[in-house]
Amino acid sequence: MRLLIIEDDSLLLRSLAASLREENYAVDTASDGEDGLFKATSFDYDCIILDGMLPVFDGWELLARLRNTKITPVLMLTARDALPDRVRGLDNGADDYLTKPFDTEELLARIRALIRRSAGQASNLIQIGDALIDTAARTVSLRGESILLTPREYALVEYLARHLGTVVSRSELYEHLFDEDDDTLSNLLDVHVSNVRKKLGADFISTRRGHGYTIEPST
Amino acid sequence: MVVIALLCTLAHRLAADDKRERIDRELTAFERAFTRQVWELSNKRRSDGKPPPPDRMREVMQSLDANSELPLEMRDLFDPSAVDSTYLAFWDNHGRLLFQSANAPKDLTLPKPPPQDQEYSLRLYESRRELVHIGPRGFRSLVGRDISADKAALRSLALQITGCGALLWLLGLIGGWWLAGRVIRPIDVISQTATRIAGGNVSERIDVAKTDDELSRLSHVLNDTFDRLESAIKRQQQFTADASHELRTPLTVILSETSRGLKRERSADEYRDILTTCSLAGIRMRSLVESLLILARQEGDGQSQPSHGSCSLLQIITETLLLLRPLADEKETRISSDLHEVNCQGDSRALSMVAMNLISNAIDHQQTHGEVMIRLRSEEGHAILEVSDKGPGIAEKHLPHLFDRFYRVDPSRQSNGGHSGLGLAIVKAIVTNHGGSIQVESQPGAGSVFRVILPLDEAHLS
């Protein structure tokens, strides 16, 4: 999952990015409205974390413009907790609103909820055949036994599981698993796919030649 | 009420006295008239002007009756039913009754003579007023009248006076009540308004139009007090709002970093990083709180005006430049100054803050090898301090807002460099408190000039 954080306070931006990367998200950052809007419209992020008070133009303005073209889930973070501001944010297109200071755990949970909802899935738990993916705990278990996956492997599994039944192209996978700071080579993707197959079964991930990968939902 | 009672009593007494005197005069006159008549009748056959002899008078009197030649008003003397008219009786010097009028009361007796040396004596016997006269020959006469009617009239008068008095008193009472009410009502308005204001409705004021002139001054004073109260409360709310707002982000940083740090085992370096970040956030919060407090005090009522004395601006600027030397050296900024001896009345610490903020801003706003020019001079009773730089300048749209709290022009500066966004707001507050003003001129690409104008210290001019 790839996220975009738009926050002007550099200390907070660094801290949030670090926390989210540790949660296996690929994280892009921006520190003003203009740069944030540019990035947000250039790519389909899985979730955008947006601060209200930004230089150049503020978060509410960015949201209004963003919603002309993108339906990316947006969580607004701001020090302004007055009711009119929250209503304005939510009505302008934010999907959730968190006031500072907030608990990082709550932020993570809300991001998960937004991603879950935009994938049309109601639960953090995704059952595929004998495998159970817990997106909150970031664990995968096969027939009750916990399977150890590397962060990249898990990210791959989660992404495909969130897009259950759809074919995800290699480039899309690449873009959503690695952020702008990552200079990993794309053929690493194949390595991760093969590793996952080794751990969860050869049929777990299906290849559609020329199109990409997919995980079929269990019938 | 006492006054009214006294007046009523006085009026009644005057009326009574007047009436009594009148009755007495009438009786006296009647007696004299009667006596004169008798004389005339007695002297009918004589005309020498001398009083008639007593025997003759006795005769005349004893023979008086309704047919005698007496004036009209004495006719009643012979009418037994005229009991309300004046009656009369005469005795001779031996006490023999010579004449008793038909309308006289039945129990008439020879009266005692008046006291020594007096011709007349008056007495009140039951409801009759009687006059006793002793003539030169010892003839005693008694003239009287039943004064029941008069007494009744007096009583009725007394009643009327009392009635009027009572009415007056009642009117006075009502009038007083109404007047007191009119006085109390505006006081009541004031007291109710004040209660509402104290209860939380801080913006309300006493409607001066509703109070009358005597109280309008009080109302104005109270309204002024409420103005001060409202502005103090607003300032406090502003401070609380600013503080909580600006502190939220650094707090979030600390919370985020510490919770991340505690999530798993980390290397010493990672912990160091986290702690450094927390420390930076803490430092930022401290500087923010300090700036907010300074600003709050400067914008306060002027109660905290410590060390108000004569300040040498020259000295203040020189010291500030000394303190900023390391920063200037670091950025290789060239600082030139054109300073004169200028003195102001004020708080030297606060004025140092002004100098520090303006000059350090000028240094910070430029990249390396910048230029800062400081001019200090006096002109027409004012001290003028100008701090100019050759930095990027400020767009016109920002200029009116420059001195607002937390206003940030340059997005990349934000809250990083330890600048709380309050520096210029503090400068403005201090300058205003010292009776001065601050201006800024700037063109994008052509640098900026900040000009502070302060009143000169009068004492130092000579």
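Residues numbered from 1 in each chain as written. Chains lettered and ligands numbered in written order. Predicted model: local features only at pLDDT ≥ 70, side-chain atom pairs only at ≥ 80, totals over all residues.

To continue, consider the overall build of chain A. Summing up its helical and strand segments, chain A has eight helices and eleven strands in all. By residue count, 41% of the 219 residues in chain A fall in the buried class. Residue pairs at least 24 apart in sequence account for 58% of intrachain contacts in chain A once pairs closer than 6 positions are excluded. (Helix = DSSP H or I, 4+ residues; strand = E, 2+ residues; numbered from the N terminus. Buried ≥ 20, exposed ≤ 12 C-beta atoms within 10 Å, placed from the backbone. Contact = placed C-beta atoms within 7 Å.)

This brings us to the sheet that holds strand 4 (residues 128–134) of chain B. All names here are of chain B. Pairing in this open sheet of five strands is antiparallel, and the strands run 2-1-5-4-3 from one edge to the other. Edge positions in the sheet fall to strand 2 (97–100) and strand 3 (120–125), since each has one partner strand and no second. Each strand of the sheet is rotated relative to its neighbour by a mean of 15 degrees, with strand direction disregarded. In terms of strand pairing, strand 1 (residues 87–91) meets strand 2 through three bridges, oriented antiparallel. Within strand 2, the residue paired with Trp91 across the bridge is Leu97. Lying over the sheet, helix 2 (residues 54–62) contacts strand 1 and strand 2, oriented at roughly 35 degrees with respect to strand 2. (Pairing = 2+ DSSP bridges. Axes fitted to C-alpha atoms, helices over the stretch in contact; angles between N-to-C directions.)

Our focus in this paragraph is helix 4 (residues 213–263) of chain B. With 51 residues, helix 4 of chain B should cover 75 Å at 1.5 Å per step; its first-to-last C-alpha distance of 73 Å lies within 8% of that length. The sharpest bend along helix 4 of chain B comes to roughly 40 degrees, located at Arg248 of chain B, with the proline Pro250 of chain B sitting one to four residues further on. Listed in full, the buried residues belonging to helix 4 of chain B are Ser219, Asp242, Glu246, Thr249, Pro250, Thr252, Val253, Ile254, Ser256, Glu257 and Arg260 of chain B. Against the buried residues of helix 4 of chain B lie helix 1 (10–22) and helix 5 (104–118) of chain A together with helix 3 (148–198) and helix 5 (268–298) of chain B. (Expected span 1.5 Å × (residues − 1). Bend = angle between axes of the 7 residues up to and from the residue.)

A few words on the pairing of strand 5 (residues 140–146) of chain B. All names here are of chain B. Burial within strand 5 is extensive, with six of its seven residues counted as buried. Two strands pair when backbone bridges link them, and strand 1 and strand 5 are joined in this way by five bridges, in the antiparallel orientation. When the bridges of strand 5 are listed, Phe90 appears paired with Ser141. By the bridge criterion, seven bridges tie strand 4 to strand 5 in an arrangement that is antiparallel. Among the inter-strand pairings, His133 is bridged to a residue of strand 5, identified as Ser141.

Here we come to helix 1 (residues 2–42) of chain B. Between its first and last C-alpha atoms helix 1 of chain B spans 59 Å; for 41 residues at 1.5 Å apiece the expected length is 60 Å, and the two agree. Residues of helix 1 of chain B that are buried in the fold lie against helix 2, strand 1, strand 4, strand 5 and helix 3 of chain B.

Let us look at unusual backbone geometry. Each neighbour pair has its own omega, and for Lys100 of chain A with Pro101 of chain A the value is -5 degrees, a cis peptide bond. Considering the arrangement of structural elements, one finds Pro101 of chain A in the loop between strand 5 (96–99) and helix 5. Even without being glycine, Asn24 of chain A reaches a positive phi, approximately 75 degrees. Checked against the element boundaries, Asn24 of chain A lands in the loop between helix 1 and strand 2 (26–30). Asn24 of chain A sits in the partly exposed class, given 15 other C-beta atoms within 10 Å. The residue Glu332 of chain B is not glycine, and still its phi comes out positive at about 50 degrees. Within the secondary structure, Glu332 of chain B sits in the loop between helix 6 (313–330) and strand 7 (334–339).

Moving on, we get to the interface of chain B and chain A. Between chain B and chain A, the contact holds 19 residues from the first and 20 residues from the second. Those elements that place two or more of their residues in the side of chain B that touches chain A are helix 4 and helix 5 of chain B. By residue number, the principal contributor to the side of chain B that touches chain A is helix 4 of chain B, which donates eleven residues. Partitioned by chemical class, the residues of the side of chain B that touches chain A number six nonpolar, nine polar and four charged. (Nonpolar A, V, L, I, M, F, W, Y, C, P; charged D, E, K, R; others polar.)

A word on the pairing of strand 9 (residues 371–379) of chain B. Across a regular strand the side chains alternate sides, sitting on one face of the sheet and then on the other. All names here are of chain B. Pairing analysis gives six bridges linking strand 7 to strand 9, with the strands arranged parallel. Bridging across to strand 9, Ile335 finds its partner in Val372. Where strand 9 meets strand 10 (residues 382–389), eight bridges bridge the pair, whose relative direction is antiparallel. Its bridge partner lying in strand 10, Glu379 is registered against His382. Taking the residues between adjacent antiparallel strands as the criterion, strand 9 and strand 10 are bridged by two residues, where Glu380 takes a positive phi near 50 degrees.

All names here are of chain A. Where helix 6 (residues 151–162) contacts helix 7 (residues 170–177), the two axes come as close as 10 Å, and the packing angle between them is 125 degrees. Compared by their axis directions, helix 6 and helix 7 come out oblique. Crossing angle aside, the handedness with which helix 6 passes helix 7 is right-handed. Listed contacts from helix 7 to Arg152, Ala155, Leu156 and Tyr159 of helix 6 are Leu173, His176 and Leu177. Here the residues of the contact of helix 6 with helix 7 are counted per class, giving five nonpolar, one polar and one charged. (Parallel < 35°, antiparallel > 145°, perpendicular 65-115°, else oblique. Left-handed = near helix turned anticlockwise from the far one by under 90°.)

With that out of the way, let us pick up the sheet that holds strand 2 of chain A. Residues and elements named next belong to chain A. Spatially, the five strands line up as an open sheet ordered 2-1-3-4-5, and their pairing is parallel. This sheet does not close on itself; its edge strands, each paired only once, are strand 2 and strand 5. The sheet shows a mean angle of 20 degrees between the axes of neighbouring strands, taken without regard to direction. Both strand 1 (residues 2–6) and strand 2 contribute to a ladder of five bridges, which runs parallel. Bridge pairing links Ile6 to Ala30 in strand 2.

As a further point, take the environment of Lys19 of chain B. All names here are of chain B. Relative to the helices and strands, Lys19 resides in helix 1. Judged by C-beta crowding, with 16 C-beta atoms within 10 Å, Lys19 ranks as partly exposed. Note: C-alpha distance between Lys19 and Leu154 (135 residues apart in sequence) is 8.6 Å. With residues near it in sequence (within four places) discarded, Lys19 still touches Asp150 and Leu154.

As a further point, take the confidence of the model for chain B. On average, residues of chain B score 82 in pLDDT, and 92% of them reach the 70 mark or higher. On the interface metric, ipTM, the complex scores 0.81, and its pTM is 0.60. (pLDDT = per-residue confidence, 0-100.)

Residue and element names in this part refer to chain B. Tracing the backbone shows Leu215 in helix 4. For Leu215, a count of 18 C-beta atoms within 10 Å gives the class partly exposed. Considering only alpha carbons, one finds Leu215 and Pro186, 29 residues apart in sequence, at a separation of 7.6 Å. Once you skip the residues sitting within four places of it in the chain, Leu215 turns out to touch Pro186, Ile187 and Ile190.

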